[in-house]
Amino acid sequence: MRRVVIVEDETAAAVNLRSMLQNINPDVEIVAVLESVEESVEFFGEHQDVDVVFMDIHLADGDSFRIFKSVDINVPIIFTTAYDEYALQAFKVNSIDYLLKPFKVEDLQGALSKLERLTSSERESDKVRRQTMVEEHNADAIQTMLVRYKDKIIPLKMSDVAFFYTFAERVTVTTLTGDSYPVEKTLETLSRELPADDFFRANRQFIVSRAAVKDVAVWFGSRLALNLTIETPERIIISKARVPEFKLWLQSLHRR
């Protein structure tokens, strides 16, 4: 193990992991520290010449499973997570290495030793196991949300949602029929919980539903302007860096 990539949006956690890796092997090279899904998709679209990737599950712009929707990663991955033990055990049935935060040097050494023992065929099958985990994660995503309407609480099906929008630290959800309701979750939390096949984090203000996408226009600077089937509070712009990820999401087959 010489060349390492760290995917982690918490600076302190990334610094701590770097320090532990260099204590284990002073010759280790940290090729990159990536903080988001967007950065990771862009990086791995051009670079695969590393020995191992340490990847946090929860990132600032969504969960790391979304990365595999947009780019193939043919490098062994050791996930890091703050999930509780029960969730962690469910993931381990796929035989992928995990480190439960906060972890110690001994835990890191054990994961690296296990990685070194993997045969070439086991390394090849790692990609298949990751895909299975992504699909299982999508199956567990929320399908119904409780929202407040006047003095009532009503269930809202995700299949009826057009978009989520945040402004002045207030999040609302708007349906395909134009009804809007307040939501007591941030877009970051929603990005982790919503089914990745059906929803896309377009930018800092919007999460959009596939069902609401009407068409897409080329915008200035190789960006995209997204038009929905209903009116939105402001224009939805997708950055140049996220265009490939968005196109793959939009054209991909819906999987259950």
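Residues numbered from 1 in each chain as written. Predicted model: local features only at pLDDT ≥ 70, side-chain atom pairs only at ≥ 80, totals over all residues. Heavy atoms only, no water.

Asker: Which residues make up helix 5 (residues 105-117), and what values go with them?
Answerer: Here helix 5 spans 19 Å end to end across 13 residues, near enough to the 18 Å set by a 1.5 Å rise per residue. Listing the buried residues of helix 5 in full gives Leu108, Ala111, Leu112 and Leu115. Taken around the axis of helix 5, the buried residues stretch over an arc of 95°, which confines them to a single face. Facing away from the buried side of helix 5 by more than 90 degrees, the exposed set consists of Glu106 and Arg117. (Helix = DSSP H or I, 4+ residues; strand = E, 2+ residues; numbered from the N terminus. Expected span 1.5 Å × (residues − 1). Buried < 20%, exposed > 50% of the residue type's maximum accessible area, 1.4 Å probe, protein only. Arc of directions from axis to C-beta.)

Asker: Account for the confidence of the model for the chain, with residues named and values stated.
Answerer: Scored by pLDDT, the chain has a mean of 84; 83% of the residues are at 70 or more. Mean pLDDT values over the elements of the chain span from 52, in helix 4 (residues 85-92), up to 97, in strand 10 (residues 161-167). (pLDDT = per-residue confidence, 0-100.)

Asker: I'd love a proper account of the layout of surface pockets, names of residues and values included.
Answerer: Counted as a void, the largest pocket has a volume near 370 Å³. What lines the largest pocket is a set of 15 residues, among which Glu38, Asp61, Arg201, Asn203 and Arg204 lie closest to the centre. The residue makeup of the lining of the largest pocket, split by class, is 3 nonpolar, 3 polar and 9 charged. (1 Å grid on protein atoms, 1.4 Å probe; cavity = no way out; pocket = protein on both sides within 12 Å on 5 of 7 lines; lining within 4 Å. Points joined across faces, edges and corners; volume = space filled by probe spheres on them. Nonpolar A, V, L, I, M, F, W, Y, C, P; charged D, E, K, R; others polar.)

Asker: Give me the lowdown on the nonpolar core, citing residues and values where you can.
Answerer: Of all hydrophobic cores here, the largest spans 22 residues; its most connected members are Val5, Val7, Phe44, Val53, Met55, Ile67 and Ile73. For this core, the secondary-structure elements that each account for two or more residues are strand 1 (3-7), strand 2 (29-34), helix 2 (37-44), strand 3 (52-56), helix 3 (67-70) and strand 6 (77-81). Considering each element in turn, this core owes the most residues, 4 residues, to helix 2. Residues Ala162, Ala202, Val243 and Phe246 belong to the second largest nonpolar core, which totals 18 residues. (Core = buried A, V, L, I, M, F, W, Y, C linked by side-chain atoms within 4.5 Å.)

Asker: Account for the sheet that holds strand 12 (residues 180-183), with residues named and values stated.
Answerer: Taken in spatial order, the 5 strands make up an open sheet running 12-11-10-14-13, and their pairing is antiparallel. Because the sheet does not close on itself, it has two edges, and the strands there are strand 12 and strand 13 (199-201). Within the sheet, the average angular offset between the axes of one strand and its neighbour, ignoring direction, is 20°. Looking at chain direction, strand 13 and strand 14 (residues 206-209) are connected through 3 bridges and run antiparallel. If you follow Phe199 over to strand 14, its bridge partner there is Ser209. (Pairing = 2+ DSSP bridges. Axes fitted to C-alpha atoms, helices over the stretch in contact; angles between N-to-C directions.)

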